[in-house]
Amino acid sequence: MSSAANILLKQFKELTSNPVPGFTVALRDEENVFEWDVGIIGAPNTIYEGGYFKATLKFPNDYPFNPPTFKFNNEFFHPNVYIDGRLCISILHPPGDDPTSGETAAERWNPTQSVESILISIVSLMGDPNCSSPANVDAGVMYRLDRESYNNLVRSQVEASKKDIPEGLKIPTSTDDFVVQKKQTDDDQDENFWYASDEDEDIDEDMDDYMSSEDEED
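Just so we're clear, the structure is a prediction, and the values are computed from it rather than from any experiment.

A.B. asks: Run through the overall build of the chain, naming residues and quoting values.
C.D. replies: Summing up its helical and strand segments, the chain has five helices and four strands in all. Its helices and strands taken in sequence order, the chain reads α-β-β-β-β-α-α-α-α from the N to the C terminus. Per-residue burial over the chain gives 39% buried out of 218 residues. In the chain, the share of contacts with a sequence separation of at least 24, taken over all contacts with a separation of at least 6, comes to 59%. Entry remark: accessible area of the chain is about 12600 Å², with carbon and sulfur atoms responsible for 47%.

A.B. asks: Quick rundown of a nonpolar patch on the surface? Include the residues and the values.
C.D. replies: A cluster of nonpolar residues, Val 137, Val 141 and Leu 145, forms a patch on the protein surface that exposes about 280 Å² of accessible area. Within the element layout of this structure, Val 137 appears in helix H3 (residues 137-145). Note on Val 137: relative accessible area 52%, which makes it exposed.

A.B. asks: Could you give me a rundown of the nonpolar core, with the residues and numbers involved?
C.D. replies: Trp 36, Val 38, Ile 40, Phe 70, Val 115 and Leu 119 are the most contacted members of the largest nonpolar core, which totals 49 residues. Taken together, the elements giving at least two residues each to this core come down to helix H1 (3-17), strand E1 (23-29), strand E2 (32-41), strand E3 (52-58), strand E4 (69-72), helix H2 (115-127), H3 and helix H4 (147-161). Setting aside its immediate chain neighbours within four residues, Val 38 contacts Thr 24, Val 25, Phe 53, Lys 54, Ala 55, Leu 57, Phe 70 and Leu 119.

A.B. asks: How would you sum up the packing of aromatic side chains? Please name residues and give values.
C.D. replies: The way to describe two aromatic rings as a pair is by their centre distance and the angle between their planes. Applying the stated criterion across every chain yields a total of 11 aromatic pairs. With centroids separated by 5.1 Å and ring planes inclined at 85 degrees, the aromatic side chains of Phe 70 and Phe 72 adopt a geometry described as edge-to-face. Summarising the burial analysis for this pair, Phe 70 and Phe 72 share the class buried. Following the ring pairs from residue to residue traces out a cluster consisting of Phe 12, Trp 36, Phe 59, Tyr 63 and Trp 109. One cation-aromatic arrangement involves Arg 86 over Tyr 82; the distance from NZ or CZ to the ring centre is 4.4 Å. Arg 147 extends its terminal NZ or CZ atom over the ring of Tyr 143, reaching a point 3.7 Å from the ring centre.

Cut-offs and rules
Residues numbered from 1 in each chain as written. Predicted model: local features only at pLDDT ≥ 70, side-chain atom pairs only at ≥ 80, totals over all residues. Heavy atoms only, no water. Helix = DSSP H or I, 4+ residues; strand = E, 2+ residues; numbered from the N terminus. Buried < 20%, exposed > 50% of the residue type's maximum accessible area, 1.4 Å probe, protein only. Contact = heavy atoms within 4.5 Å. Areas by Shrake-Rupley, 256 points an atom, 1.4 Å probe, with all protein chains shown as cover. Patch = residues over 30% accessible without salt bridge, like charges linked within 9 Å, V, L, I, M, F, W, Y side chains within 5 Å. Salt bridge = Lys/Arg side-chain N within 4 Å of Asp/Glu carboxyl O. Core = buried A, V, L, I, M, F, W, Y, C linked by side-chain atoms within 4.5 Å. Phe/Tyr/Trp six-rings, centres within 6.5 Å; stacked < 30°, edge-to-face > 60°. Lys NZ or Arg CZ within 6 Å of the ring centre and 35° of its normal.

These results come straight from atomic positions and should not be treated as a statement about function.
Below, the structure written as structure tokens:
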């Protein structure tokens, strides 16, 4: 198993063993850990409350050195989502400074990010869009100048999304349900449980080699 596949499998196991409020994850194909089915859950007390938005997360073969892509599977009207469903968010932009956009390396992808941190950032962005450089200009303008129409449009998409809620999934109805409450297990006694194998030592070495090569290029 490649280093990228090994990391993704461990992150997937962690998220399925200790689910985080706000999203669900599943492998689209059990034989392919590089493509995940994601469900983003609308946060309580927001215009997205009660919604369940299906999306696809695709990882490159050199993950975590480069970011995955995230795309909503259905129409999603939002300033930071392109018409085709692709999400535009700084942490999923390739690593390094970008003089064109003005984004610094600190704002963009770096190998310390995880699937959990990505999805938490996406949940946060839903209710707090970045309108300074919108992927969907019409959504950005409506959000700034006609919030009532924007909210009504989003609520209609929330209603449409409810048909995709998986059977048995409890949708949070209060902010308390959105608080991370990880279960304690015997494995938690070792905080590096998922990272204790010889394979992971190789991953660390790969990371060091990668960062060294980046420094040399600079």
